[in-house]
Amino acid sequence: MGAETAAIILGDGGRAAAVPTDVTVEASVAAMAAFAAESFGGIDFLVNNAAIWGGLRPATMTDVTLDEWTRVLNVN
């Protein structure tokens, strides 16, 4: 979806790029920031729209594993 949105912006004469980023991996976030700095001179606004449900079934906090809960919190 990001690539399609960037293509629309570029098609309308704007500047845009879609940079796949894993928000749970510091090096991935750093690479995205470096790309933005090099390509656009920095980041003026950043919307982190990363969120997962992690395949969790509807359950209470006590019915999911710690690993499942931690993964959802790390991303969201």
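Let me sum up the structure you'll find in this document. (Residues numbered from 1 in each chain as written. Predicted model: local features only at pLDDT ≥ 70, side-chain atom pairs only at ≥ 80, totals over all residues. Heavy atoms only, no water.)

1. Describing the overall build of the protein
In plain terms, the rule: Put simply, DSSP H or I for four residues or longer makes a helix, DSSP E for two residues or longer makes a strand, and each gets a number counted from the N terminus. In this setup the radius of gyration rests on C-alpha atoms only. A globule is expected at 2.2 Å times the number of residues raised to 0.38.
Across its full length, the protein holds 3 helices and 0 strands. Counting helices and strands in the order they occur from the N terminus, the protein gives α-α-α. Taking 11 Å as the expected radius of gyration for a compact globule of 76 residues, we find that the protein reaches 16 Å, considerably beyond that expectation. Each principal axis of the C-alpha atoms in the protein carries an extent, and together these give about 50 × 25 × 15 Å.

2. Brief notes about the packing of aromatic side chains
Note the cut-off: Stacked, tilted and edge-to-face are the three classes assigned to paired rings of Phe, Tyr and Trp, where Trp is represented by its six-membered ring and a pair needs centres within 6.5 Å; plane angles under 30 degrees give stacked, over 60 edge-to-face, the rest tilted. Three exposure classes are used, based on accessible area relative to the maximum for each residue type with a 1.4 Å probe and protein chains only: buried under 20%, partly exposed in between, and exposed over 50%.
Under the counting rule described, the total for this entry stands at 1 aromatic pair. Summarising the aromatic geometry, the rings of Phe35 and Phe40 are spaced 6.4 Å apart at their centres and angled 75 degrees between planes, so their arrangement reads as edge-to-face. Phe35 sits in the partly exposed class, given a relative accessible area of 35%. Since its relative accessible area comes to 34%, Phe40 is described here as partly exposed.

3. Observations regarding the layout of surface pockets
The condition is simple: The definitions used throughout rest on a 1 Å grid laid over the protein atoms alone, on which a cavity is an enclosed set of points accommodating a 1.4 Å probe that cannot get out and a pocket is an open set flanked by protein within 12 Å on both sides along at least five of seven lines; lining residues are those having an atom within 4 Å of a point. Grid points are joined across faces, edges and corners, and a volume is the space filled by probe spheres set on the points.
Here the largest pocket defines a volume of roughly 1000 Å³. At the level of elements, helix H1 (2-11) and helix H2 (26-40) are the ones that each hand at least two residues to the lining of the largest pocket.

4. Considerations on a nonpolar patch on the surface
Test applied: For patch building, the residue pool is restricted to those with more than 30% relative accessible area and no salt bridge; the joining distance is 9 Å between like charges and 5 Å between nonpolar side chains (Val, Leu, Ile, Met, Phe, Trp, Tyr). To be clear on the numbers: accessible area is Shrake-Rupley with a 1.4 Å probe, and residue cover counts the displayed protein chains and nothing else. Every case where a carboxyl oxygen of Asp or Glu lies within 4 Å of a side-chain nitrogen of Lys or Arg is listed as a salt bridge.
Nonpolar side chains collect at one region of the surface, where Met61, Leu66, Trp69 and Leu73 lie side by side and expose about 450 Å² of accessible area between them. Checked against the element boundaries, Leu73 lands in helix H3 (residues 66-75).

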